[in-house]
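# Per-entry structural report
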Amino acid sequence: LRWYEGDIINIHHGLLPSFKGSNPYKQAWEAGVKLIGATAHYVTEDLDEGPIIEQRVSRVSHRDTLRTVRLKSERLESAALHDAVRYFVENRVTRVGGRTIVFNW
């Protein structure tokens with residue numbers, strides 16, 4: 001990051017900070033979470049702490065399996081990243097302090 005001067009957009013599942021490690025989807029499913037999500041944000045020196053550009057969320061029910069929870073989460077991640085990049089290339093995102101404003105038009 002120190003040598004790259006441009007903006008970088010990253011995504012992470014919305015299971016952080018509660019479920020960390022190698023298999024957060026399994027941890028969340030075993031805990032019986034009711035909501036899952038994804039966040040697209042600017043990359044900063046602090047891991048997964050950058051200003052948020054887009055977020056998505058979905059319900060999880062008792063009918064969901066570990067596989068469907070993972071698939072739902074991956075779809076949310078893809079959608080959040082897609083929209084964040086679109087907002088960026090359309091010049092619809094601006095940073096104000098540690099936050100972002102996304103203009104809708």
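Residues numbered from 1 in each chain as written. Predicted model: local features only at pLDDT ≥ 70, side-chain atom pairs only at ≥ 80, totals over all residues. Heavy atoms only, no water.

Each helix and strand counted, the protein chain has two helices and five strands in total. Tracing the protein chain from N to C terminus, the helices and strands come up as β-α-β-β-α-β-β. In terms of principal-axis extent, the alpha carbons of the protein chain reach across some 45 × 35 × 20 Å. Scored against the burial criterion, the 105 residues of the protein chain give a buried share of 30%. Contacts in the protein chain between residues far apart in sequence, at least 24 positions, make up 56% of those at least 6 positions apart. For the protein chain, the accessible surface area stands at approximately 7200 Å², while carbon and sulfur atoms represent 52% of it. Across the protein chain, 15 positive and 13 negative side-chain charges occur, with their mean positions spaced 9 Å apart. (Helix = DSSP H or I, 4+ residues; strand = E, 2+ residues; numbered from the N terminus. Buried < 20%, exposed > 50% of the residue type's maximum accessible area, 1.4 Å probe, protein only. Contact = heavy atoms within 4.5 Å. Areas by Shrake-Rupley, 256 points an atom, 1.4 Å probe, with all protein chains shown as cover. Lys, Arg positive; Asp, Glu negative; His and termini not counted. Charge placed at Lys NZ, Arg CZ, Asp CG, Glu CD.)

Inspection of every chain in the model, using the stated rule, returns two aromatic pairs. Measuring from centroid to centroid gives 6.2 Å for Trp-3 and Tyr-4, while their planes differ by 85 degrees, and the two rings are edge-to-face. Its relative accessible area of 74% is what places Trp-3 among the exposed residues. According to the relative accessible area criterion, Tyr-4 is partly exposed, its value standing at 38%. (Phe/Tyr/Trp six-rings, centres within 6.5 Å; stacked < 30°, edge-to-face > 60°.)

Right, let's get into the sheet that holds strand β2 (residues 35-42). Taking strand neighbours across the sheet as the criterion, the three strands line up as β1-β2-β3 in an open arrangement whose pairing is antiparallel. Among the strands making up the open sheet, the edge pair consists of β1 (9-13) and β3 (52-59). Going across the sheet, the axis of each strand differs from the next one's by a mean of 15 degrees, ignoring polarity. Sheet analysis places β2 next to β3, joined by seven bridges and oriented antiparallel. Counted as the bridge partner of Ala-38 is Arg-56 from β3. (Pairing = 2+ DSSP bridges. Axes fitted to C-alpha atoms, helices over the stretch in contact; angles between N-to-C directions.)

A few words on the nonpolar core. Side chains of a nonpolar character, in soluble globular proteins, are inclined to be buried together. Ranked by size, the top nonpolar core spans 17 residues in total, and within it Leu-15, Phe-19, Ala-28, Val-33, Ile-36, Ile-53 and Val-93 carry the most contacts. Secondary-structure elements contributing two or more residues to this core are α1 (24-31), β2 and α2 (66-89). Once residues lying within four places of it in the same chain are set aside, the contact partners of Phe-19 are His-13, Pro-24, Gln-27, Ala-28, Ala-31 and Val-33. (Core = buried A, V, L, I, M, F, W, Y, C linked by side-chain atoms within 4.5 Å.)

Applying the stated criterion across every chain yields a total of six salt bridges. We note a salt bridge from Arg-56 to Asp-83, for which the minimum N-O separation is 2.2 Å. Taken together, the residues span a long stretch of sequence, with Arg-56 in strand β3 and Asp-83 in helix α2 at a distance of 27 residues. Within the structure, one salt-bridge network assembled from shared partners comprises Arg-56, Asp-83 and Arg-86. (Salt bridge = Lys/Arg side-chain N within 4 Å of Asp/Glu carboxyl O.)

Quick look at a nonpolar patch on the surface now. Among the surface-exposed residues, Val-96, Ile-101, Phe-103 and Trp-105 lie close enough to one another that they form a single nonpolar patch of about 440 Å² accessible area. Its relative accessible area of 69% is what places Trp-105 among the exposed residues. (Patch = residues over 30% accessible without salt bridge, like charges linked within 9 Å, V, L, I, M, F, W, Y side chains within 5 Å.)

All quantities given are derived from atomic positions and should not be read as evidence of function.
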